[in-house]
Amino acid sequence: MRALLIVNPNATTTTPAGRDRLAHALRGRLALTVAHTTHRGHAAELARSAHADGMDVVVAHGGDGTVNEIVNGLLGPSPDRGADPTLPRLAVVPGGSANVFARSLGLSADPLEATEQVLESLQEGRTSRIGLGHCDGRWFTFNAGLGLDAQVCEAIDLSRAEGKKVTTARYVRHAVARFFASKRAEPALTLEMPGSEPVSGVHYAFVSNSSPWTYLESRPVHTNPGTSFDTGLGVFAMTTTRVLPSLRVVRQLLAARGEPASPHLVRADDVARVRARASRPIGLQVDGDYLGLRTEVEFVSVASILDVVPPR
């Protein structure tokens, strides 16, 4: 079985020794080629080359941004396509700070344990075909969002550019700061979903392709518990930025079996598409990657589009 290991050497939790152990383990059972990313978009270029070269598997070792680049390199920009059996399967060995996609698949957050899970599944021929989300010419594997979370992703990108380590504590600090900084802003978003009346007065919206929405260290954060890789998209949108109602919802997000609900919350766990219109430019993020300001975005669920290597 021919495999390409795409490594992001700048990912948060990767180390030279860990990368060597990973490559050694994979070489024991695969005809392995190793490539290190050197610039933004490089993982997508390598993924396209892997498809052209007839690779059987692409193994991503990096964070969620690396995985997102590989997925977009394999699938291209258009959502109007079906599953392609000639594409390499995607396997993931976590190397970032949150590793939401890998952990949502059921993989261990520990790279060595995840490597064993991947090798076991490859040996047994285990494959799962999952659905993805799409918006603004980009695929997303676990979530996208307009407003608050996009502002946080922008701040994290700036911190990373300054050489600061990405940590859960840094995410939380930026989230709190951006929440209070935007409290006085008028709600800009209107959401349109099939079969429902448009909802206006929305301050920020999260769109999920799986659950949990993210992790705080080992704790999952569930915005849409009924959303999975086999359903449509989850929508979670708040119509208030008042502190007490917001804190009540946050407490529900962190509960082990929470079902977020509030008079100020718009939530749907299985929708085919959602269109967001903004009265002023508002930030957009996809799988933690800040894309810039937008005034209109349509999020679409595309079912059974990508073959991945899941754990047992």
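Conventions used here
Residues numbered from 1 in each chain as written. Predicted model: local features only at pLDDT ≥ 70, side-chain atom pairs only at ≥ 80, totals over all residues. Heavy atoms only, no water. UniProt positions renumbered as here; feature names shortened; annotations may be inferred. Helix = DSSP H or I, 4+ residues; strand = E, 2+ residues; numbered from the N terminus. Domains from an automatic or database assignment. Contact = heavy atoms within 4.5 Å. Buried area = accessible area lost by both parts, 1.4 Å probe. Salt bridge = Lys/Arg side-chain N within 4 Å of Asp/Glu carboxyl O. Polar contact = N/O pair within 3.5 Å; in protein donor to acceptor, adjacent residues only side chain to side chain. Nonpolar A, V, L, I, M, F, W, Y, C, P; charged D, E, K, R; others polar. Expected span 1.5 Å × (residues − 1). Buried < 20%, exposed > 50% of the residue type's maximum accessible area, 1.4 Å probe, protein only. Arc of directions from axis to C-beta. Phe/Tyr/Trp six-rings, centres within 6.5 Å; stacked < 30°, edge-to-face > 60°. Lys NZ or Arg CZ within 6 Å of the ring centre and 35° of its normal. Core = buried A, V, L, I, M, F, W, Y, C linked by side-chain atoms within 4.5 Å. Pairing = 2+ DSSP bridges.

Right, let's get into the UniProt feature "domain: DAGKc" (unreviewed entry) in the chain. The UniProt entry lists residues 1–139 under the feature "domain: DAGKc" (unreviewed entry), expressed in the numbering used here. Regarding residues 1–139, the helix share stands at 39% and the strand share at 24%, and the terminal C-alpha atoms are separated by 27 Å.

Below, the discussion takes up the domain arrangement of the chain. For the chain, the assigned domains read domain 1 (2–126) and domain 2 (140–302). Using only C-alpha atoms to locate each centre, domain 1 and domain 2 end up separated by 26 Å. Facing the 14 residues of domain 1 at the interface are 20 residues of domain 2. Carbon and sulfur atoms make up 60% of the surface buried where domain 1 meets domain 2, a total of about 1,300 Å² over both sides. Of all residues in domain 1, Asn68, Val100 and Arg103 bury the most surface against domain 2, accounting for 36% of the area lost on that side. The tally of links from domain 1 across to domain 2 stands at one salt bridge. For the salt bridge of arginine 40 with aspartate 289, the shortest nitrogen-to-oxygen distance reads 2.8 Å. Linking domain 1 to domain 2 there are three residue pairs in polar contact (both at pLDDT 80 or more). Within the residue set of the side of domain 1 that touches domain 2, elements represented by two or more residues are α3 (64–75) and α4 (100–105). Broken down by element, the residue count for the side of domain 1 that touches domain 2 peaks at five residues, all from α4. Looking at the side of domain 1 that touches domain 2 residue by residue, the classes come out as six nonpolar, four polar and four charged.

So, on to helix α5 (residues 111–123). Helix length check: α5 (13 residues) gives 18 Å between terminal C-alpha atoms against 18 Å at 1.5 Å per residue, within 8%. Restricting attention to buried positions, one finds in α5 the residues Ala114, Thr115, Val118, Leu119, Ser121 and Leu122. The arc enclosing the buried residues of α5, seen along the axis, measures out at 165°, which places them on a common side. At the N-terminal end of α5, a side-chain oxygen is found 3.1 Å from the backbone nitrogen of leucine 112, two or three residues along, and the residue is aspartate 110. Once α5 ends, the next one or two residues include glycine 125, with phi positive near 70°.

Tallied over the full model, the rule gives six aromatic pairs. Here the aromatic cluster, defined as three or more aromatic residues joined through ring pairs, consists of Tyr204, Phe206, Trp213 and Phe236. Taking the ring centre of tyrosine 215 as reference, the NZ or CZ of arginine 103 above it sits at 3.8 Å.

Working note: non-glycine residues mostly have negative phi, and peptide bonds are mostly trans. In this structure, proline 212 follows serine 211 across a cis peptide bond, with omega equal to 10°. By secondary structure assignment, the location of proline 212 is in the loop between β10 (204–208) and β11 (214–216). In this structure, aspartate 136 is a non-glycine residue whose phi angle is positive, near 55°. Relative to the helices and strands, aspartate 136 resides in the loop between β5 (128–135) and β6 (138–140). Taking the relative accessible area as the measure of exposure, aspartate 136 reaches 37% and is therefore partly exposed. A positive phi angle, close to 50°, is found at aspartate 287, a residue other than glycine. Relative to the assigned elements, aspartate 287 resides in the loop between β15 (273–286) and β16 (289–308). We classify aspartate 287 as buried; its relative accessible area is 3%.

Another aspect to go through is the nonpolar core. In this structure, Ile70, Leu90, Phe101 and Leu306 are the most contacted members of the largest nonpolar core, which totals 51 residues. No fewer than three residues from each of domain 1 (2–126) and domain 2 (140–302) sit in this core. Once residues within four sequence positions are removed from consideration, phenylalanine 101 is found in contact with Asp64, Val67, Leu90, Val92, Ile130, Thr141, Phe142, Phe229 and Val308. By size, the runner-up hydrophobic cluster in this structure holds 24 residues, among which are Cys135, Met193, Val207 and Val235.

Our focus in this paragraph is the pairing of strand β7 (residues 143–146). Here β7 shows no split at all, with Asn143 and Gly145 on one side and Ala144 and Leu146 on the other all buried. Summarising the sheet, β7 and β10 pair through four bridges and their orientation is antiparallel. Within β10, the position partnered with alanine 144 by the bridge is valine 207. As judged from the three bridges shared by β7 and β15, these two strands associate in the antiparallel manner. Following the sheet pairing, alanine 144 is matched in β15 by valine 286.

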